[in-house]
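Residue-level structure breakdown
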Amino acid sequence: ARTHVMDPGFDMSRSMVAVVSFVEHRYTDETRRAFLRSAVEQVEALPGIERATYALGMPLTVRHGRTSGSPIWVESDGEKKAFPGYWAENLIGPGYFETLGIPLRQGRLLSESDTRQDLIAAVINETAARTFWPERNPIGATARFSGAKGSRLEVVGVVGDVRNFGLNRPPEPEIYLPAETVLPV
């Protein structure tokens, strides 16, 4: 019998996930950030731990980020085009891609210096690049969530696809945003 191994798009071999929930109105954005930074530092100090990070969601878990049925408005060559349908959004901490072994395909990864509120740095997966910018290089492209008044983002990188919703499902368009900039998480 032949077996088929499905690539999840990230390194599962040495990964562990812990879930943290914040009680509504008990933490400010700054105390959430401080808690998460401290937790990462403490976990990385443990013997045998190479890296740690945090995110709104982790692949193949119950919490895998947020999905939206709202259109994303892609700005390209002076035109704005709405893409209806579902896309995933994940708010990620520093080192997320390196920690999970998700490969960079083009551009750069998010960094701690990506703090602009008026133009949020974003990394997208390959499926989002093909879906939203099929005829062009997405690096430097901009988009908005929820129409003309929604948050504006600029694509700085493209990473490999991750099968967030199950190994038997194809990857969905996904947008990764810096949690430090767009908290609350």
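You'll find the structure just up there.
Keep in mind that what you see is a predicted model, and the values were worked out from it rather than measured.

1. A look at the layout of surface pockets
Estimates place the volume of the second largest pocket at around 390 Å³. Taken together, 23 residues line the second largest pocket, and the ones lying closest to its centre are Tyr54, Gly93, Pro94, Glu112 and Glu180. Every element with two or more residues in the lining of the second largest pocket is listed here: α1 (29-44), α2 (96-100) and α4 (179-182). Here the lining of the second largest pocket takes 4 residues from α1, the largest share from any one element. Split into classes, the residues belonging to the lining of the second largest pocket amount to 10 nonpolar, 6 polar and 7 charged.

2. So, the environment of Asn137
Structurally, the position occupied by Asn137 is in the loop between α3 (126-132) and β7 (142-145). Since its relative accessible area comes to 40%, Asn137 is described here as partly exposed. Measuring from C-alpha to C-alpha, the distance between Asn137 and Val158 comes to 9.9 Å, with 21 residues separating the pair along the chain. A distance of 2.8 Å separates the side chain of Asn137 from the side chain of Gln106, its partner in a polar contact.

3. Quick notes on the nonpolar core
Ranked by internal contacts, the top residues of the largest apolar core, which has 27 residues, are Ile72, Ile124, Phe132, Trp133, Leu153, Ile175 and Leu177. Only α1, β2 (72-76), β4 (87-92), β6 (120-125), α3, β7, β8 (152-159) and β9 (174-178) provide two or more residues apiece to this core. Setting aside residues no more than four positions away along its own chain, Ile72 makes contact with Lys81, Ala82, Phe83, Trp87, Phe132, Ala143, Arg144, Phe145 and Ile175.

4. Here's the deal with the pattern of salt bridges
Counted under the stated rule, the structure contains 9 salt bridges. The salt bridge partner of Glu180 is Arg37, with a shortest N-O separation of 2.7 Å. Of this pair, Glu180 sits in helix α4 while Arg37 sits in helix α1, placing them 143 residues apart in sequence. Judged by its relative accessible area of 25%, Glu180 falls in the partly exposed class. Judged by its relative accessible area of 34%, Arg37 falls in the partly exposed class. For Asp118, the salt bridge identified is with Arg116, shortest N-O distance 2.9 Å. Overlapping salt bridges, with partners in common, bring together Glu30, Arg33, Arg37 and Glu180 in one network.

5. Some remarks on the side chain of Thr53
Position of Thr53 among the secondary structure elements: in the loop between α1 and β1 (66-68). Of note is the side chain of Thr53, whose polar atom sits 3.4 Å from the backbone oxygen of Gly93. Setting aside residues up to four positions removed in sequence, Thr53 forms contacts with Val40, Met58, Gly93, Pro94, Gly95, Tyr96, Thr99 and Leu100.

6. A word on the packing of aromatic side chains
Across all of its chains, the model carries 4 aromatic pairs by this definition. Considering the side-chain rings of Phe97 and Tyr176, the 4.9 Å spacing of their centres and the 80 degrees angle between planes classify their relative orientation as edge-to-face. Linking Phe97 in helix α2 with Tyr176 in strand β9, this pair joins segments that are 79 residues apart in sequence. The exposure classification of Phe97 matches that of Tyr176, with both residues buried. For the pair Phe132 and Trp133, a centre-to-centre distance of 6.0 Å together with 90 degrees between the ring planes defines the contact as edge-to-face. Each member of the pair Phe132 and Trp133 is classed as buried. A connected cluster of aromatic rings, assembled from ring pairs, spans Tyr96, Phe97 and Tyr176.

About the thresholds
- Residues numbered from 1 in each chain as written.
- Predicted model: local features only at pLDDT ≥ 70, side-chain atom pairs only at ≥ 80, totals over all residues.
- Heavy atoms only, no water.
- 1 Å grid on protein atoms, 1.4 Å probe; cavity = no way out; pocket = protein on both sides within 12 Å on 5 of 7 lines; lining within 4 Å.
- Points joined across faces, edges and corners; volume = space filled by probe spheres on them.
- Helix = DSSP H or I, 4+ residues; strand = E, 2+ residues; numbered from the N terminus.
- Nonpolar A, V, L, I, M, F, W, Y, C, P; charged D, E, K, R; others polar.
- Buried < 20%, exposed > 50% of the residue type's maximum accessible area, 1.4 Å probe, protein only.
- Polar contact = N/O pair within 3.5 Å; in protein donor to acceptor, adjacent residues only side chain to side chain.
- Core = buried A, V, L, I, M, F, W, Y, C linked by side-chain atoms within 4.5 Å.
- Contact = heavy atoms within 4.5 Å.
- Salt bridge = Lys/Arg side-chain N within 4 Å of Asp/Glu carboxyl O.
- Phe/Tyr/Trp six-rings, centres within 6.5 Å; stacked < 30°, edge-to-face > 60°.

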